[in-house]
Amino acid sequence: MLQQTSRTAAPRSGAFGTGPAPRVSRCRLAAQCRSTSSGQQQTADEVALSRRQALASSLAMVAGAVLMPVAPAFAEAPAVTAAPAGGIGAGALQSLTDPILAYTYQYPIVTSAGKPLNMIVSRTPEKYSSAAPLTADARQRIVSEVFDFKNFVTASMTVGPASGVLKDRNPAEWKPREVALTVLVDRSTARTTAGQRVALNDVQESHLEARDGQQYWVYEHVSQGSPTITSRTKESYRHALAITSWRNGQDGSPYLYTLNLSCPEQLWPELEPVFKAAVAGFALLPTTRDYIPPDKDPWLFF
């Protein structure tokens, strides 16, 4: 008889000592894999989120820099100064000085009735060759301008060569009305059928003043303007007070410096006294090394 011999399986060595090795089920392995994958995915998502947050912060900083209001250039330029001036009421006038063309003028910041004006420097002082021309022939150019957008009050400084009846004549012979009409014609774009330019301004009064040996022609004028939010009628008028003086260019020919202060007709009673005080403060200054003659480098726009 054959004897059956039972074979006993040799014990397997586990991780620690002897004994059967632990069996890991497929479900547990799958769960561990899913847990590892989930952890890796969470880490990747966190990295992506942090990158998106950093990118958003950078874009916000760039957008803020682009949208941030820029301070006017003249505020940083040491050549231009602004300081309160006396006269009609305390702080009713502001002064602006430009050594590039060597002049100073005042403009109102309060009416004689105490109404404040929000005057903004819309054109910072610049040399004649780079200034914006008033007309196609580019004779008269706006070298500086201050404007109240709500009340339509302006103070503009223009420079241009003597023309018309003033050209080739001694300035000592210039008549106040001649100076007024010549300046206003050069500022106008209206022309007759023959092509001759005419001024649409009515000169109310003009006279000559002598200050420190310098000639200053002062004149009041009225012109028809476009309707504004303060006056929507078709017949809208602007009232202005201007003052003109002159200085020779490099070639010896005279250049006219004109300060023109204007406002809607309905504001004239409140602004006439302040305009007169501003005109009294206008002056041509002694030239310094910062001075650039109007006819120097006319082709250089910067």
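This text follows the structure it describes.
Okay, so let's go over this structure. No experiment lies behind these values; they were computed from the predicted model shown.

Of all nine residues that make up strand β7 (residues 153-161), nine are buried, and the element is covered over most of its length. Side chains V153, A155, M157, V159 and P161 project from β7 onto one buried face, and the interleaved T154, S156, T158 and G160 project onto a second face that is buried too. With seven bridges joining them, strand β6 (residues 141-148) and β7 adopt antiparallel strand pairing. Bridge assignment links D148 to a residue of β7, and that residue is V153. A loop of four residues connects β6 with β7, the two strands running antiparallel in sequence, and F152 in this loop sits at a positive phi of about 60 degrees. In the sheet, β7 pairs with strand β11 (residues 254-264) via eight bridges, with the strands oriented antiparallel. Looking at β11, one finds that P161 is bridged to Y255.

Judged by how many residues are buried, β6 sits mostly within the fold: eight of eight residues are covered. With two bridges connecting them, strand β5 (residues 132-133) and β6 associate as antiparallel partners. Looking at β6, one finds that P133 is bridged to R141.

Before going further, it helps to examine the nonpolar core. By size, the foremost hydrophobic cluster in this structure holds 38 residues, and its most contacted members are Y103, Y105, V153, M157, Y257, F275 and F282. Broken down by element, this core gets its largest block of residues, seven residues, from helix α4 (residues 268-280). In this structure M157 touches Y103, Y105, R141, I142, V143, S144, Y257, T258, L259 and F282, once residues within four positions along its chain are discounted. Grouped together as the second largest cluster of nonpolar side chains are 12 residues, W174, A180, V183 and Y219 included.

Here the focus is the side chain of S156. By the secondary structure assignment, S156 is in strand β7. When near neighbours in sequence (up to four residues on either side) are disregarded, S156 contacts S144, E145, R187, T258, L259 and N260.

Rules of the game
- Note that residues are indexed from 1 along each chain, following the sequence as it is written.
- Two thresholds apply to this predicted model, a pLDDT of at least 70 for residue-level local features and 80 or more for giving and counting side-chain atom pairs, whereas whole-chain, interface and lining totals are computed over all residues.
- With hydrogens and water stripped out, all remaining heavy atoms of the structure feed into the side-chain values.
- Three labels apply to residues, based on accessible area from a 1.4 Å probe with only protein chains included: buried if under 20% of the type maximum, exposed if over 50%, partly exposed otherwise in between.
- Numbering of helices and strands runs from the N terminus, with a helix taken as a DSSP run of H or I at least four residues long and a strand as a DSSP run of E at least two residues long.
- Note: two strands are recorded as paired if DSSP finds a minimum of 2 bridges between them.
- By convention a nonpolar core is built from buried Ala, Val, Leu, Ile, Met, Phe, Trp, Tyr and Cys residues, the set being connected through side-chain atoms within 4.5 Å.
- The contact rule is simple, with two residues in contact once any of their heavy atoms fall within 4.5 Å.

Fair warning: the whole summary comes from geometry, so function is off the table for now.
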